[in-house]
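Spelled out, the chains give:
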Amino acid sequence: PTTMKEADGFLFAFVLDGKGGGRALDWDGVRAWTKEEGVLWVHLDRTGPAAQRWVHEESGLDTVSAETLLRVEGNRPRVHRTGDSLLVSLRGINKNEGEDVDDMPAMHMWIEEDRIISLRRRRLLAGNNIREDIEARRGPKNSSEFLVAMTDYLVKPIIPVVADLDDAIDALQQEVLTTHGERLRHRLQEARQEAINFRRHIAPQRDALVRLQVEQVGWMSTLDRAHLREIADFTARYVEDLDAARERAGVTQDELNNQLAERMNKTMYLLTIVSALLLPPSLLTGLFGINVGGMPGTENAWAFAVVALTIPVLAVVEFWALRRLKWI
């Protein structure tokens, strides 16, 4: 159930103690916080009216930065430096029930040396993961470690999802080679679309992480920059894997289309042969089926048997002629 705090956009807040733990705050504690207490982390739902009001009126952010933090999901992953502060927008795997996993929600963050503001609209596990780490006293000690932890929690869940997508395309490739089914077309299209959707979010995230590791802010340590570089390398590899998955899905779909087209051509070929073989007998039966005077054999008891035997003989002769001409 949604609490009153969650309804107004306040999810939770902590003052980091510099040792991996922290002290939980409510709205009053956030408003009363001072830099001397430690690094403040405020985690908000950006759709909440109280959260929006606090960001606009009480956070001290300029209008452009506040509007960017509160912007809807359309934001591409990005990094923007303002003085010694960073505005970071990244995306994570969607694990919300009833939603597509490739529809990746955004996490917007304003990070200073002594204050962190993070906002999301749809639920992301990364914020709760860091909260659990702080409560277990193994969380980030400062803003630099927080940025690394949040980035890591957003990127790591992508690994199994991309691996599952890759395995699914492998299975479809094998199925195309061993079976013939039109139902594979829809599954291939879904896999290809999923790869495209993931890449649409992860490719700009790769660029944002590359930019993040080179931004010159005084509070980011050399070790944390190295960690961000490693995460950026992982993300770049995911993009390459998604490109490969998309291409493999496309090649597999082309192979399936070729198989279906070949089956259709064989079917039409057989129908054409049958039609050609039946054409002379059809003409013969049509001629003998007309009700006009002068039809031969009307008074002969053996006439029907002769016509019946003539029809298969014509078919055999025609088949021999077509084979002789190498038309079949």
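Residues numbered from 1 in each chain as written. Predicted model: local features only at pLDDT ≥ 70, side-chain atom pairs only at ≥ 80, totals over all residues. Heavy atoms only, no water.

Things to note about a nonpolar patch on the surface
And then number 1: Residues Met-264, Met-268 and Leu-271 make up a contiguous nonpolar surface patch of about 310 Å² in total accessible area.
And then number 2: Tracing the backbone through its elements, the reader meets Leu-271 in helix H9 (residues 222–288). (Patch = residues over 30% accessible without salt bridge, like charges linked within 9 Å, V, L, I, M, F, W, Y side chains within 5 Å. Areas by Shrake-Rupley, 256 points an atom, 1.4 Å probe, with all protein chains shown as cover. Salt bridge = Lys/Arg side-chain N within 4 Å of Asp/Glu carboxyl O. Helix = DSSP H or I, 4+ residues; strand = E, 2+ residues; numbered from the N terminus.)

Points about the sheet that holds strand E7 (residues 115–120)
And then number 1: Spatial strand order, E2-E1-E3-E7-E6-E5-E4: seven strands in an open sheet with mixed pairing. Only two strands of the sheet have a single partner each, and these edge strands are strand E2 (22–25) and strand E4 (78–82). For this sheet, the mean angle separating the axes of adjacent strands, direction not counted, is 15°.
And then number 2: Here strand E5 (residues 85–91) runs beside strand E6 (residues 106–111); their pairing, made up of six bridges, is antiparallel. Directly across from Leu-90, in E6, lies its bridge partner Met-107.
And then number 3: Relative to E6, helix H6 (residues 143–155) is tilted by about 175°, and along the sheet it contacts strand E3 (39–45), E5, E6 and E7. (Pairing = 2+ DSSP bridges. Axes fitted to C-alpha atoms, helices over the stretch in contact; angles between N-to-C directions. Contact = heavy atoms within 4.5 Å.)

With respect to the packing of aromatic side chains
And then number 1: Summed over the entire model, instances satisfying the criterion amount to six aromatic pairs.
And then number 2: Between Phe-14 and Trp-41 the ring centres are 6.4 Å apart and the planes differ by 25°, which places this aromatic pair in the stacked class. One end of the pair, Phe-14, is in strand E1 (residues 10–16); the other, Trp-41, is in strand E3, and 27 residues separate them in sequence. Just as Phe-14 is buried, Trp-41 falls in that class too. (Phe/Tyr/Trp six-rings, centres within 6.5 Å; stacked < 30°, edge-to-face > 60°. Buried < 20%, exposed > 50% of the residue type's maximum accessible area, 1.4 Å probe, protein only.)

So, the confidence of the model for the chain
And then number 1: When pLDDT is averaged along the chain, the result is 82; 90% of the residues meet or exceed 70.
And then number 2: E3 holds the highest mean pLDDT among the elements of the chain, 95, whereas helix H1 (residues 4–7) holds the lowest, 50. (pLDDT = per-residue confidence, 0-100.)

Some points on the nonpolar core
And then number 1: Among the nonpolar cores identified, the biggest contains 57 residues, and Trp-41, Leu-86, Leu-147 and Met-150 are the most heavily contacted of them.
And then number 2: Not counting the four nearest positions on each side in its chain, Leu-147 is found in contact with Leu-86, Val-88, Ile-111, Leu-212, Trp-219, Met-220 and Leu-228.
And then number 3: Grouped together as the second largest cluster of nonpolar side chains are 22 residues, Ala-13, Leu-40, Leu-44 and Ile-117 included. (Core = buried A, V, L, I, M, F, W, Y, C linked by side-chain atoms within 4.5 Å.)

Topic: the pairing of E2
And then number 1: Sheet topology places E1 next to E2; four bridges connect them, and they run antiparallel. Residue pairing for E2: Ala-13 is matched across the bridge by Leu-25.
And then number 2: A loop of five residues connects E1 with E2, the two strands running antiparallel in sequence, and Gly-18 in this loop sits at a positive phi of about 80°.

Re the pattern of salt bridges
And then number 1: Under the definition given, this model contains 13 salt bridges.
And then number 2: A salt bridge links Arg-120 to Asp-45; its shortest N-O distance comes to 3.7 Å. Placement of the pair is Arg-120 in strand E7 and Asp-45 in strand E3, with a sequence separation of 75 residues.
And then number 3: Taking the relative accessible area as the measure of exposure, Asp-45 reaches 12% and is therefore buried.
And then number 4: With a closest N to O distance of 3.1 Å, Arg-81 and Glu-215 form a salt bridge. Note that Arg-81 is positioned in strand E4 and Glu-215 in the loop between helix H8 (183–214) and H9, a separation of 134 residues in sequence.

Some remarks on the pairing of E6
And then number 1: Within E6, six of the six residues are buried, which leaves the element mostly enclosed by the surrounding structure.
And then number 2: Burial of E6 is two-sided: the residues Ala-106, His-108 and Trp-110 facing one way and the residues Met-107, Met-109 and Ile-111 facing the other way are all buried.
And then number 3: Pairing between E6 and E7: five bridges, direction antiparallel. Looking across to E7, one finds that His-108 is bridged to Leu-119.
And then number 4: Where E6 folds back on E7, the antiparallel hairpin that results is connected by three residues.

Section: the packing of helix H5 (residues 125–135) against H6
When two helices pack together, their arrangement is captured by the angle between the axes and the distance separating the axes.
And then number 1: Viewed as axis vectors pointing N to C, H5 and H6 meet at an angle of 130°, and their least axial separation amounts to 9 Å. The orientation of H5 with respect to H6, classified from their angle, is oblique. The two elements H5 and H6 meet at a crossing, and its hand is right-handed. Between H5 and H6, the contacting residues are Ala-126, Gly-127, Asn-129, Ile-130 and Asp-133 on the first element and Phe-146, Ala-149, Met-150, Tyr-153 and Leu-154 on the second.
And then number 2: A class-by-class count of the residues in the contact of H5 with H6 yields seven nonpolar, two polar and one charged. (Parallel < 35°, antiparallel > 145°, perpendicular 65-115°, else oblique. Left-handed = near helix turned anticlockwise from the far one by under 90°. Nonpolar A, V, L, I, M, F, W, Y, C, P; charged D, E, K, R; others polar.)

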